[in-house]
Amino acid sequence: MIRSMTAFVRLDIKNKWGNAVWELRSLNQRYLEICVFLPEIFRNLEPLIRDRLRARLTRGKVECKLYVEFNMDQQNKFVLNIELMQELINIVNRVKKYVDINNINPLEILRWPGIMLNKTQNLDVISSHLLVELECALDTLICNRESEGKKLKVFLEKRLHSIYQEIKKIRIQMPEILKLQKKRLFNKLKEAEIKIDDNRLAQEVIILAQRIDIDEELDRIEAHVIETFNILKKYKIVGRRLDFIMQEFNREVNTLAGKSINYAVTNSAIELKVLVEQMREQIQNIE
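Residues numbered from 1 in each chain as written. Predicted model: local features only at pLDDT ≥ 70, side-chain atom pairs only at ≥ 80, totals over all residues. Heavy atoms only, no water.

Some thoughts on the overall build of the chain
And step 1. A tally of regular secondary structure across the chain gives 8 helices and 6 strands.
And step 2. Among the 287 residues that make up the chain, the fraction classed as buried is 36%.
And step 3. When contacts within the chain are restricted to residue pairs at least 6 apart in sequence, long-range pairs at least 24 apart make up 80% of them.
And step 4. Here the chain has roughly 17600 Å² of accessible surface; of this, 51% comes from carbon and sulfur atoms. (Helix = DSSP H or I, 4+ residues; strand = E, 2+ residues; numbered from the N terminus. Buried < 20%, exposed > 50% of the residue type's maximum accessible area, 1.4 Å probe, protein only. Contact = heavy atoms within 4.5 Å. Areas by Shrake-Rupley, 256 points an atom, 1.4 Å probe, with all protein chains shown as cover.)

Next comes the structure, spelled out in structure tokens:
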């Protein structure tokens with residue numbers, strides 16, 4: 001099942017030690033880029049979080065944010081994180097130089113994550129719980145990416161069917177196009193009062209047929225359609241494969257457009273370009 005690279009998940013956690021929120025957001029990106037934002041007290045979890053995300057995602061810009069609020073139970077003993085508090089006050093004082101702030105509200109300082117530490121809380125246990133919930137959030141993120149991937153697959157398959165129909169339309173027209181080109185050649189020779197023997201005429205017709213022959217381009221485009229269908233069926237991580245095959249589609253369609261010799265084929269070539277470009281745009285969002 002193919003996956004989109006765009007998704008968002010918010011997971012709320014409630015426990016006796018307090019509340020927490022995991023937010024995961026992923027956007028399209030050529031490679032995997034992970035950005036982790038954690039409260040200072042849980043900064044040591046960042047390597048573990050990165051490893052877990054890398055193990056399950058291959059492409060996309062992924063933002064992972066954790067918000068934590070501890071319960072202020074009167075029965076528990078709290079200590080003040082002096083170092084973090086002083087750093088926060090210094091930042092506020094620097095901001096006061098540019099913004100009109102009269103006083104620092106102590107309660108706002110105390111609400112800052114990590115300022116108040118509960119002596120009775122076991123941070124290792126809380127960290128383990130948070131990592132378990134991260135896996136749940138990641139499961140949901142992947143599920144959302146797969147759900148969006150289903151829609152992208154349907155979109156691509158519709159365009160592939162349309163490409164096949166345009167190729168079929170061109171093939172049906174080609175015998176008539178060749179016939180009209182032969183007639184045009186004969187008329188030009190007649191108007192110019194040029195007499196050539198049958199062998200020379202046969203050679204001119206062959207040259208004409210070769211010049212307007214687009215069978216190879218049509219065959220290759222059809223082959224790319226079949227291969228794209230196979231990729232969508234066989235693989236989960238398909239983004240890069242589809243990127244490469246879109247390049248091949250573009251090459252053949254441009255060659256076909258360059259050989260267009262009548263209005264109908266030109267229109268079909270333009271339609272093929274539009275269909276390929278629509279697919280290319282959506283493929284940029286596939287993992």
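The discussion continues.
Thoughts on the sheet that holds strand β2 (residues 18-27)
And step 1. Spatially, 4 strands are ordered β1-β2-β4-β3 in an open sheet, and the strand pairing comes out mixed. Only two strands of the sheet have a single neighbouring strand rather than two, namely β1 (7-15) and β3 (32-37). Across the sheet, the mean angle from the axis of one strand to that of its neighbour is 10°, orientation sign disregarded.
And step 2. Two strands pair when backbone bridges link them, and β3 and strand β4 (residues 60-70) are joined in this way by 6 bridges, in the parallel orientation. Residue pairing in the sheet places Phe37 in a bridge with Lys65 of β4.
And step 3. On the sheet, helix α1 (residues 46-56) packs against β2, β3 and β4 and is oriented at approximately 145° with respect to β3. (Pairing = 2+ DSSP bridges. Axes fitted to C-alpha atoms, helices over the stretch in contact; angles between N-to-C directions.)

Some thoughts on the packing of helix α7 (residues 239-258) against helix α8 (residues 263-283)
And step 1. Here α7 crosses α8 at 165°, and the two axes come no closer than 10 Å. The angle between α7 and α8 falls in the class roughly antiparallel. Handedness of the crossing formed by α7 with α8: left-handed. Facing α7, whose interface residues are Gly239, Leu242, Asp243, Met246, Phe249, Asn250, Val253, Asn254, Leu256 and Ala257, α8 presents Ala269, Leu272, Lys273, Val276, Met279, Arg280 and Ile283.
And step 2. Tallied by class, residues from the contact of α7 with α8 come to 11 nonpolar, 3 polar and 3 charged. (Parallel < 35°, antiparallel > 145°, perpendicular 65-115°, else oblique. Left-handed = near helix turned anticlockwise from the far one by under 90°. Nonpolar A, V, L, I, M, F, W, Y, C, P; charged D, E, K, R; others polar.)

Concerning the pattern of salt bridges
Between side chains of opposite charge, pairing is possible as soon as their charged atoms come close.
And step 1. This model, assessed by the stated rule, comprises 19 salt bridges.
And step 2. The partner of Arg56 in a salt bridge is Asp139, with the nearest N and O atoms 2.6 Å apart. Of the two residues, Arg56 is situated in helix α1 and Asp139 in helix α4 (residues 123-191); the sequence distance between them amounts to 83 residues.
And step 3. With its nearest N and O atoms 3.5 Å apart, the salt bridge here joins Glu216 to Arg220. Here Arg220 and Glu216 lie together in helix α6 (residues 215-234), a separation of 4 residues that amounts to about one turn.
And step 4. Residues joined in a network through salt bridges with shared partners are Arg3, Arg145, Glu146 and Glu287. (Salt bridge = Lys/Arg side-chain N within 4 Å of Asp/Glu carboxyl O.)

A word on the nonpolar core
And step 1. By size, the foremost hydrophobic cluster in this structure holds 29 residues, and its most contacted members are Ile163, Leu242, Phe249, Met279 and Ile286.
And step 2. Elements with a minimum of two residues in this core: α4, α6, α7 and α8.
And step 3. No other element matches the 7 residues that α4 contributes to this core.
And step 4. Excluding residues within four positions of it along the chain, Phe249 makes contact with Leu160, Ile163, Ile221, His224, Val225, Thr228, Val276 and Met279.
And step 5. In this structure, Leu38, Leu45, Ile126 and Leu131 belong to the second largest nonpolar core, which totals 28 residues. (Core = buried A, V, L, I, M, F, W, Y, C linked by side-chain atoms within 4.5 Å.)

Some words on the side chain of Glu252
And step 1. Among the secondary structure elements, Glu252 is positioned in helix α7.
And step 2. Classification of Glu252 by relative accessible area gives buried; the value is 7%.

Some thoughts on α7
And step 1. Between the first and last C-alpha of α7 there are 29 Å, a value that for 20 residues agrees with the 28 Å anticipated at 1.5 Å per step.
And step 2. Within α7 the residues assigned to the buried category are Gly239, Leu242, Asp243, Ile245, Met246, Phe249, Glu252, Val253 and Leu256. (Expected span 1.5 Å × (residues − 1).)

Concerning the packing of aromatic side chains
And step 1. This model, assessed by the stated rule, comprises 0 aromatic pairs.
And step 2. Looking at Lys65, its charged tip hangs above the ring of Phe37, at a distance of 5.4 Å from the centre.
And step 3. Positioned over the ring face of Phe155 is Arg159, at 3.7 Å from the centre of the ring. (Phe/Tyr/Trp six-rings, centres within 6.5 Å; stacked < 30°, edge-to-face > 60°. Lys NZ or Arg CZ within 6 Å of the ring centre and 35° of its normal.)

Regarding the pairing of β1
And step 1. Looking at chain direction, β1 and β2 are connected through 9 bridges and run antiparallel. Within β2, the position partnered with Arg10 by the bridge is Glu23.
And step 2. Counted between consecutive antiparallel strands, the loop separating β1 from β2 contains 2 residues.

All quantities given are derived from atomic positions and should not be read as evidence of function.
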